[in-house]
Amino acid sequence: MVQLFSSPCYVFSAAAILRAVLLIYGSFQDAFSPLKYTDIDYYVFTDATRFISRGLSPYTRDTYRYTPLLAWFIYPTTWQGWWFSFGKIMFAIGDIVAGWLIFLILRSSGKMATDRALKFSSIWLLNPMVAQISTRGSSEGLLGVIVSALLWAVLTKRVRLAGFLLGFAVHFKIYPFIYAASIIWWLEDDKLPSKKNSSPARSKSLTQLALGFINPARVTLAVYSLVTFMALNTTMYYFSYRYGYPFIQHSYLHHVTRVDHRHNFSPYNTLLYMNSSPTGHSSVKLESWAFFPQLFLSTVAIPLALAKKDLPSTMLAQTFAFVTFNKVCTSQYFLWYIMFLPFYLPKSTLLRDKSTGVTASILWVLCQLLWLHQGYRLEFLGISTFVPGLWAASILFFLVNIWILGIIIEDTGNLGDPALRKVTVD
């Protein structure tokens, strides 16, 4: 019998077959079942693309909250026949490309054998949740390619490429801005004096410390990412069918004021529901404060404490904290941190201590199932389950995620490979 993990060809073929089967199954479910396989977001994307094909703004379509580039990427969906599924196929291919980059990163250090790297890459490649979300029409597969390519570029010292990818990623979906702090802090220059030869930090002035922090790699990353981000935004604002202010509003500002409560695992779910009602509007919105712990953890505390220890694991901790504390948390967001698991798990307590790993996995899944059960009773059976059902399920899921985040942070704090810390401008 052929061993699945003996060759990349077998694993990537299995990943492609899995997604092909789901795409075919999804077309049958859409045709014959009242419960559709295709995600509602995909209809939003394709509707926006049709408006573009008619010379209109994609924001003519209500609830389109993305860069116009996404609508342009799936332009073939406006053509007749099977082309409607073009976007799903592209997202599924994106999943596989992201998996290939994950495999390259695992192998690039030279410390992991091919079969072992394939096993950990399969956490992404052969994960049914990942495959299903992309084949249902979520664009997270494309984002996975961009973020995994960003990590690969940083670790392989391609700083200019990393800057471009960081700027592009933040334009495409704003949350990757959190990685800037970790990457900047992780980057060091070979010409900087070592700690052994440098004078104690307390004897240096603030100017000397600032000049010591600024190096070619950090400046290059900042310039390339900022120029890319601003160039894309300027193009979308002024030149692409004059999308203008609606582009700024729906791509960026909307995420500050959004009150989505459907399919939202966040503990803020019930508050968002009440505040979305005109009669339930309150003068003080507790969920408005959600950004403070979320951004402090993901952009300040975690990068400063962990980035120099292990960059991929730090990015996992950042993303996990960002999603856990976000006032809107849907299943698609889980993919944002699942893609970092292959880099963290080989050195983790969750793998070394089987009981901890199994307990964490079971609790993470069970809390979701509990929430989904309450959500099904609410949305399909019309039974009000907000309190205590959905609220209690959301709190339990939040607490489990906090516990897992604590494990990730502790594990990453115990890591550190000085050989990977230095980087020069490509």
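Residues numbered from 1 in each chain as written. Predicted model: local features only at pLDDT ≥ 70, side-chain atom pairs only at ≥ 80, totals over all residues. Heavy atoms only, no water.

1. Quick look at the nonpolar core
Inference 1: Core analysis: the biggest nonpolar cluster contains 107 residues, and Tyr 64, Trp 124, Tyr 179, Phe 334 and Phe 340 have the highest contact counts within it.
Inference 2: Of the residues forming this core, the biggest block, ten residues, is contributed by helix 7 (residues 140–155).
Inference 3: Discounting chain neighbours no more than four positions away, the residues touching Tyr 179 are Val 147, Leu 150, Met 315, Gln 318, Thr 319, Trp 336 and Phe 340. (Core = buried A, V, L, I, M, F, W, Y, C linked by side-chain atoms within 4.5 Å. Buried < 20%, exposed > 50% of the residue type's maximum accessible area, 1.4 Å probe, protein only. Helix = DSSP H or I, 4+ residues; strand = E, 2+ residues; numbered from the N terminus. Contact = heavy atoms within 4.5 Å.)

2. Examining the environment of Gly 99
Inference 1: Here Gly 99 shows up in helix 4 (residues 86–108).
Inference 2: By relative accessible area, which is 0% here, Gly 99 ends up buried.
Inference 3: Ignoring any residue separated from it by four or fewer positions in sequence, one finds Gly 99 in contact with Phe 12, Ser 121, Trp 124 and Leu 125.

3. Examining the pattern of salt bridges
Inference 1: In this structure the tally under the stated criterion is seven salt bridges.
Inference 2: Residues Asp 95 and Arg 19 are paired through a salt bridge, measuring 3.6 Å at the closest nitrogen-oxygen approach. With Asp 95 in helix 4 and Arg 19 in helix 1 (residues 8–32), the pair connects residues that are 76 residues apart, well separated along the chain. Each member of the pair, Asp 95 as well as Arg 19, carries the same accessibility label: buried.
Inference 3: Of the charged contacts in the structure, one is a salt bridge between Lys 347 and Asp 310, with a shortest N-O distance of 3.1 Å. Taken together, the positions of Lys 347 in the loop between helix 17 (341–344) and helix 18 (349–352) and Asp 310 in the loop between helix 14 (291–306) and helix 15 (311–325) put the pair 37 residues apart, joining distant regions of the chain. (Salt bridge = Lys/Arg side-chain N within 4 Å of Asp/Glu carboxyl O.)

4. Regarding the confidence of the model for the protein chain
Inference 1: Averaged over the protein chain, the pLDDT score is 85; the fraction of residues at 70 or greater is 84%.
Inference 2: A low-confidence stretch, residues 190–201 (pLDDT under 50), is modelled with eight contacts involving residues beyond four sequence positions or located in other chains.
Inference 3: Every residue in residues 417–426 scores below 50 in pLDDT, and together they form 33 contacts with partners more than four places removed in sequence or on other chains. (pLDDT = per-residue confidence, 0-100.)

5. Some points on helix 16 (residues 331–338)
Inference 1: Of all eight residues in helix 16, seven are buried, a share of seventy percent or more.
Inference 2: Buried within helix 16 we find Gln 332, Tyr 333, Phe 334, Leu 335, Trp 336, Tyr 337 and Ile 338.

6. Points about the side chain of Ser 348
Inference 1: Tracing the backbone shows Ser 348 in the loop between helix 17 and helix 18.
Inference 2: With relative accessibility at 0%, the residue Ser 348 sits in the buried group.
Inference 3: A polar atom in the side chain of Ser 348 sits 2.9 Å from the backbone oxygen of Leu 345. (Polar contact = N/O pair within 3.5 Å; in protein donor to acceptor, adjacent residues only side chain to side chain.)

7. Re the environment of Thr 299
Inference 1: Tracing the sequence through the fold places Thr 299 in helix 14.
Inference 2: On a C-alpha basis, the gap between Thr 299 and Ala 321 in space is 9.8 Å, while along the polypeptide they are 22 residues apart.
Inference 3: Non-local contacts of Thr 299, meaning those with residues more than four positions away in its chain, are made with Phe 177, Ile 178 and Ala 181.
Inference 4: Of note is the side chain of Thr 299, whose polar atom sits 2.4 Å from the backbone oxygen of Leu 295.

8. Notes on the packing of aromatic side chains
Inference 1: For the structure shown, the criterion picks out 30 aromatic pairs.
Inference 2: Here the aromatic rings of Phe 45 and Phe 91 are separated by 6.4 Å at their centres, their planes lie at 85 degrees, and the arrangement is edge-to-face. Placement of the pair is Phe 45 in helix 2 (residues 40–53) and Phe 91 in helix 4, with a sequence separation of 46 residues.
Inference 3: Since its relative accessible area comes to 0%, Phe 91 is described here as buried.
Inference 4: Taking 6.2 Å as the distance between ring centres and 20 degrees as the angle between the ring planes, the aromatic pair formed by Phe 164 and Phe 168 counts as stacked. Here Phe 164 pairs with Phe 168, and both are found in helix 8 (residues 159–172), just four residues apart, close to one helical turn.
Inference 5: For Phe 164, a relative accessible area of 39% puts it in the partly exposed group.
Inference 6: Exposure remark for Phe 168: the relative accessible area of 16% places this residue in the buried category.
Inference 7: Through successive ring pairs, a cluster of aromatic residues spans Tyr 42, Tyr 43, Phe 45, Tyr 59, Tyr 64, Tyr 66, Phe 84 and Phe 91.
Inference 8: The ring of Tyr 42 is capped by Lys 88, whose NZ or CZ atom sits 5.5 Å from the centre of that ring.
Inference 9: The ring centre of Trp 185 lies 4.5 Å from the NZ or CZ of Lys 308, which sits over that ring. (Phe/Tyr/Trp six-rings, centres within 6.5 Å; stacked < 30°, edge-to-face > 60°. Lys NZ or Arg CZ within 6 Å of the ring centre and 35° of its normal.)

9. Some words on the side chain of Ser 225
Inference 1: Mapped onto the fold, Ser 225 is located in helix 11 (residues 216–239).
Inference 2: Side-chain polar atoms of Ser 225 contact the backbone oxygen of Leu 221, separated by 2.8 Å.
Inference 3: Excluding its chain neighbours within four sequence positions, the residues that come into contact with Ser 225 are Gly 163, Leu 166 and Gly 167.

10. Examining the UniProt feature "transmembrane region" (unreviewed entry) in the protein chain
Inference 1: The sites that UniProt annotates as "transmembrane region" (unreviewed entry) are residues 9–28, 82–106, 161–187, 208–232, 319–344, 356–373 and 385–409.
Inference 2: The distance separating the terminal C-alpha atoms of residues 319–344 is 13 Å; by composition the span is 73% helix and 0% strand.
Inference 3: Helix and strand shares over residues 356–373 are 100% and 0% respectively, and the end C-alpha atoms of the span are 26 Å apart. (UniProt positions renumbered as here; feature names shortened; annotations may be inferred.)

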